[in-house]
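# Close look at the chain arrangement
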Amino acid sequence: MWLPGGCASTVLTSLGCRSFRSCVRVLARRACNTAAFMPEAAGFEGASSRAALQDFSVSSSDSFWSAVARHRLSWIRPFHTVQDCDLSRGRIKWFEGGKLNVSVNCLDRHVHTCPERVALIWERDEPGSEVKVTYRSLLEMTCRMGNLLRRHGVRRGDCVTIYMPSCPLAVASMLACARIGAAHNVVFAGFSAVALSERIRDAQSSVVITVNQGVRGGKVTELKRTVDTAVQSCPTVRQVFVAMRTENPVVMTARDVAMEEEMLKEDVVCEPAAMDSEDTLFLLYTSGSTGKPKGLVHTQAGYLLFAALTHRYVFNYHDGDVFGCVADIGWITGHSYSVYGPLANGGTTVLFESTPTYPDPGRYWEMVQRLKINQFYGAPTAIRLLLKYGDQWVHKYDRSTLKTLGSVGEPINTEAWEWYYSVVGDRRCPVVDTWWQTETGGICIAPRPSDPDAEIVPGMAMRPFFGIKPVLMDTEGKVETSNNTSGALCIAQPWPGMARTIHNNHQRFTETYCHPYPGVYAFVVLKKIAEVQDSDLSRQLNDMVAKKIAKYACPDCIQIVQRLPKTRSGKIMRRVLRKIVERELDGLGDLSTLDDPASVREIIQGHSDLLSKQKPQ
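Residues numbered from 1 in each chain as written. Predicted model: local features only at pLDDT ≥ 70, side-chain atom pairs only at ≥ 80, totals over all residues. Heavy atoms only, no water.

### Overview of the overall build of the protein
Quick note on the threshold: Counting from the N terminus, the helices are DSSP H or I runs at least four residues long and the strands are E runs at least two residues long. Throughout, the radius of gyration refers to the C-alpha atoms, and the reference size of a globule is 2.2 Å times the residue count to the power 0.38. Burial classes follow relative accessibility: with a 1.4 Å probe on protein chains only, a residue under 20% of its type's maximum area counts as buried, one over 50% as exposed, and anything between as partly exposed. Here, residues are in contact when the closest pair of their heavy atoms is within 4.5 Å. For the accessible areas, the method is Shrake-Rupley and the probe is 1.4 Å, while residue cover comes only from the protein chains on display.
Counting its secondary structure elements, the protein contains 19 helices and 28 strands. Taken against the 2.2 N^0.38 rule, which gives 25 Å for 617 residues, the C-alpha radius of gyration of the protein at 28 Å falls within 12% of a compact globule. Taken along its principal axes, the extent of the C-alpha atoms in the protein is 105 × 75 × 55 Å. Across the 617 residues in the protein, those meeting the buried criterion constitute 52%. Contacts in the protein between residues far apart in sequence, at least 24 positions, make up 69% of those at least 6 positions apart. Total accessible area on the protein is roughly 28,500 Å²; 53% of this is exposed by carbon and sulfur atoms.

Take a look at the structure:
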């Protein structure tokens with residue numbers, strides 16, 4: 001009677017051993033897969049899955065970024081300190097002691113291994129007239145441009161403004177600046193002369209690079225003429241380099257340089273500058289919709305590493321793929337995912353000059369078929385627009401090369417997401433809805449990378465990228481940990497790709513991004529006189545903000561004023577209000593242009609009275 005029991009015991013023991021060995025094999029396979037996914041992970045203790053890899057990147061940030069930086073960037077001199085950051089003071093430094101050149105990382109090292117690989121595919125406005133540029137050709141173009149800039153006095157630390165459409169010469173100009181140690185300031189070629197001049201002056205550029213005319217959606221725009229108008233109010237500008245996008249001649253002045261003609265006189269070898277990791281790579285100005293445009297500063301090593309890593313892992317990019325980001329190079333998306341990320345990875349990247357509906361609503365998908373694009377990255381606005389034209393424009397073209405679809409710029413609504421996934425991607429391409437902005441340098445939250453079978457929820461960014469630790473904060477600056485709550489989305493620890501400062505205004509950078517809680521201040525003009533105490537009115541207003549927007553948006557201080565300082569044209573002088581709150585009355589500047597200068601004196605007195613009431617007795 002005991003024999004069956006003994007046999008059963010033997011069988012169970014045997015099964016237990018097989019189960020254990022199977023478990024070991026599964027764990028080994030997972031570790032192997034993780035290391036295959038990211039080779040550096042072989043040295044990360046406990047990083048046996050992609051989720052564990054993300055945890056390691058946050059909990060052991062120095063180890064993670066050190067390994068990735070050493071493996072993925074080519075250094076002239078290795079760094080000695082991974083990071084030295086104090087967000088409360090706005091101090092952000094990565095890979096100190098290291099020296100490198102961004103253009104070498106984007107060009108030279110790939111020319112050594114695959115010189116004839118296509119680096120750029122310029123999708124010109126005219127359909128079917130694409131231009132392919134190899135890594136060898138792009139390096140030669142970049143070196144000629146770098147030598148030309150040097151010959152005309154551009155030195156390390158200068159800032160060159162680039163006002164060009166998406167084209168190979170624009171990319172070569174960006175990389176030429178990086179090669180000689182100058183920063184670049186790319187301005188979207190749709191901006192007005194006023195917006196351009198404001199950015200040139202703030203960047204203090206002595207050189208502007210442009211084209212004679214732009215071509216977009218079948219329409220010609222006079223870019224050189226816009227530059228001519230802009231530089232009239234920019235005394236620092238000495239030279240304007242003019243490339244020819246069309247064959248139409250333009251008026252050339254004594255300061256203008258025929259760019260292509262002069263480039264041919266230059267050598268195809270240009271010695272790259274050895275740049276410190278934290279030297280400025282570029283400035284990129286925000287739109288300025290809420291005041292003076294902010295010139296966000298991005299630096300060399302950290303930005304390049306983050307752009308390259310996010311490009312490879314969010315989009316599952318592999319060697320030989322064709323990456324199609326349709327953003328203009330004038331935006332951060334174009335910087336990170338049309339230029340620096342793909343080129344650092346030795347990829348092939350598309351420069352899109354046209355519009356999604358020219359010459360018809362099938363433009364994107366005809367381009368996908370013709371160029372055999374594998375990853376497509378566009379804006380929800382364009383997706384919603386194309387959805388309205390119907391499925392036939394998509395079905396007309398072969399999209400079988402597509403592997404990943406991306407969304408950027410704003411949240412994508414469920415209807416657009418479903419159409420993008422089902423119609424464009426045939427329900428086989430993951431849709432990565434990416435959350436990030438100019439200040440972050442690269443993608444911070446996206447559904448991928450993750451385990452291959454991980455769920456993607458329509459319209460959700462979902463998962464933090466490696467090294468990113470998002471938190472939800474309340475009005476007191478405390479982290480929310482409960483479910484079903486609202487707050488301000490913040491990132492709790494620094495990452496290499498983040499902006500370092502605002503050009504010429506670090507205080508504004510720290511106040512805006514590093515410690516916004518507490519300190520929110522609101523000026524309120526009542527539509528009619530209210531028979532109520534200011535304190536009661538402030539409480540009512542905060543209750544209204546909490547109900548209509550969210551609690552985290554409630555201002556800490558509310559000052560009731562009779563009127564706001566405005567120009568004669570009606571524009572509110574936010575600069576003056578900011579200086580009053582910061583108690584920098586000596587920096588108010590010229591108030592003669594105000595419609596009613598007396599309003600400033602009233603606000604100063606009211607601010608002083610408010611502060612005296614808040615002081616402890």
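### Observations concerning the pattern of salt bridges
To be explicit about the condition: For this document, the term salt bridge refers to a Lys or Arg side-chain nitrogen within 4 Å of an Asp or Glu carboxyl oxygen.
Within the structure shown, the criterion is met by 27 salt bridges. Between D276 and K99 there is a salt bridge, with its nearest N and O atoms 2.4 Å apart. Highlighted residues: D276 in strand β13 (residues 275-276) and K99 in strand β3 (residues 99-100), separated in sequence by 177 residues. For E410, the salt bridge is made with R384, and the minimal N-O distance between the two is 2.9 Å. A residue pair is termed long-range when its members are at least 10 positions apart, and E410 in the loop between β19 (404-407) and α15 (414-424) and R384 in helix α13 (residues 380-388) qualify at 26 residues. It is possible to trace a salt-bridge network through shared partners that takes in E123, E130, R363, E366 and R370.

### Some remarks on the sheet that holds strand β25 (residues 488-491)
Our working definition: Strand pairing is assigned whenever DSSP detects at least two bridges linking the two strands.
Spatial strand order, β24-β23-β25: three strands in an open sheet with antiparallel pairing. Of all the strands in the sheet, the pair left with one neighbour each is β24 (479-480) and β25. Strand direction decides the pairing type here: strand β23 (residues 470-473) and β25, joined by four bridges, are antiparallel. The residue of β25 that forms the bridge with L472 is L489.

### Focus on the state of the cysteines
Using the following cut-off: Criterion for a disulfide: a pair of cysteine sulfur atoms within 2.5 Å.
Per the counting criterion, the structure on display carries zero disulfides. Here C106 is not disulfide-linked; the sulfur of C114 is the nearest cysteine sulfur, at 13 Å. C325 provides the cysteine sulfur closest to C429, a residue in no disulfide bond, and the two sulfurs are 17 Å apart.

### Description of the environment of P165
Looking at the element boundaries, P165 is found in the loop between β6 (159-163) and α6 (168-180). Along the primary structure P165 and Q83 are separated by 82 residues, whereas in three dimensions their C-alpha atoms are 36 Å apart. What P165 contacts, discounting residues up to four positions off in sequence, is A170, A189, V211, L223, I329 and E353.

### Considerations on the environment of W417
As for its position among the elements, W417 is in helix α15. In the structure, W417 is positioned 353 residues away from F64 in sequence and 33 Å away in space, judged by C-alpha atoms. Sequence-distant contacts of W417, that is, excluding residues within four places in its chain, are made with I412, V431, I456, P458 and G459.

### Quick word on empty space enclosed by the protein
Applicable threshold: A cavity, in this analysis, means grid points on a 1 Å lattice covering only the protein atoms where a 1.4 Å probe fits yet has no way out; a pocket is instead an open set bounded by protein on both sides within 12 Å along at least five of seven lines, and a residue lines either one if it has an atom within 4 Å of a point. Grid points are joined across faces, edges and corners, and a volume is the space filled by probe spheres set on the points. Each residue is assigned to one of three groups, with Ala, Val, Leu, Ile, Met, Phe, Trp, Tyr, Cys and Pro labelled nonpolar, Asp, Glu, Lys and Arg labelled charged, and all others, Gly among them, labelled polar.
In this structure the tally under the stated criterion is one cavity of 30 Å³ or more. In this structure, the largest cavity encloses a volume near 50 Å³. If you go around the largest cavity, the residues you meet are N185, V186, V187, F188, F191, R199, L284, Y285, G330 and W331. Sorting the residues of the lining of the largest cavity by element identifies β7 (183-186) and β14 (280-285) as the ones contributing at least two each. Here the residues of the lining of the largest cavity sort into seven nonpolar, two polar and one charged.

### Description of the pairing of β7
In plain terms, the rule: Every crossover in which the path from the first strand over the helix to the second runs clockwise, viewed with the strands pointing away from the viewer, is termed right-handed.
Taking every second residue as pointing to the same face, both faces of β7 are buried, with A183 and N185 on one and H184 and V186 on the other. In terms of strand pairing, β6 meets β7 through four bridges, oriented parallel. Residue pairing across strands places C159 opposite A183, the latter belonging to β7. The parallel pair β6 and β7 is bridged by α6, and the resulting crossover is right-handed.

### Description of the sheet that holds strand β18 (residues 375-378)
Here is the rule: To get an axis, a line is fitted to the C-alpha atoms, and for a helix only the part in contact is used. The angle between two axes follows their N-to-C directions and goes from 0 to 180 degrees.
If you walk across this open sheet you meet the seven strands as β5-β4-β17-β16-β18-β19-β20, and the pairing is mixed. Because the sheet does not close on itself, it has two edges, and the strands there are β5 (131-134) and β20 (431-433). With direction set aside, neighbouring strand axes in the sheet form an average angle of 20°. With two bridges joining them, strand β16 (residues 322-325) and strand β17 (residues 348-352) adopt parallel strand pairing. Across the sheet, F323 pairs through a bridge with T349, a residue of β17. Across the sheet, α6 touches β4 (118-123), β5 and β17, and the angle it forms with β4 is around 135°.

### Some points on the pairing of strand β8 (residues 207-211)
The buried count for β8 comes to five of five residues, which makes it a mostly enclosed element. For β8 and strand β11 (residues 239-243), the ladder comprises five bridges, and the chain directions are parallel. Across the sheet, the residue bridging to V211 is A243, located in β11.

### Here we look at the UniProt feature "domain: Acetyl-coenzyme A synthetase N-terminal" (unreviewed entry) in the protein
Heads up, the rule is: UniProt positions are given in the numbering used here, feature names are shortened, and annotations may be inferred rather than shown by experiment.
Mapped onto the present numbering, the UniProt feature "domain: Acetyl-coenzyme A synthetase N-terminal" (unreviewed entry) falls at residues 52-106. From the first C-alpha to the last, residues 52-106 spans 30 Å; its make-up is 45% helix and 25% strand.

### Focus on the environment of L120
Structurally, the position occupied by L120 is in strand β4. Separated by 51 residues in sequence, L120 and V171 have C-alpha atoms that sit 9.1 Å apart. Excluding residues that lie within four positions of it along the chain, L120 makes contacts with V131, K132, V133, L138, P168, V171, L343, T349 and L351.

### Quick notes on the confidence of the model for the protein
As a reminder, the rule being used: As a per-residue measure, pLDDT reflects the predictor's confidence and takes values from 0 up to 100.
Averaged over the protein, the pLDDT score is 90; the fraction of residues at 70 or greater is 91%. Note that pLDDT drops below 50 for residues 1-32; the model gives that stretch two contacts with residues more than four away or on any other chain.

### Looking at unusual backbone geometry
Cis geometry marks the peptide bond from Y358 to P359; its omega dihedral reads 0°. Here P359 shows up in the loop between β17 and α12 (363-371). In the segment running from R448 into P449, the intervening peptide bond is cis, with an omega of 10°. A positive phi is found at F95, a non-glycine position, where the angle reads about 60°. Relative to the helices and strands, F95 is located in strand β2 (residues 91-96). Overall, F95 belongs to the buried group, its relative accessible area being 0%. For Q204, which is not glycine, the phi dihedral falls at a positive 55°. Along the polypeptide, Q204 turns up in the loop between α7 (193-203) and β8.

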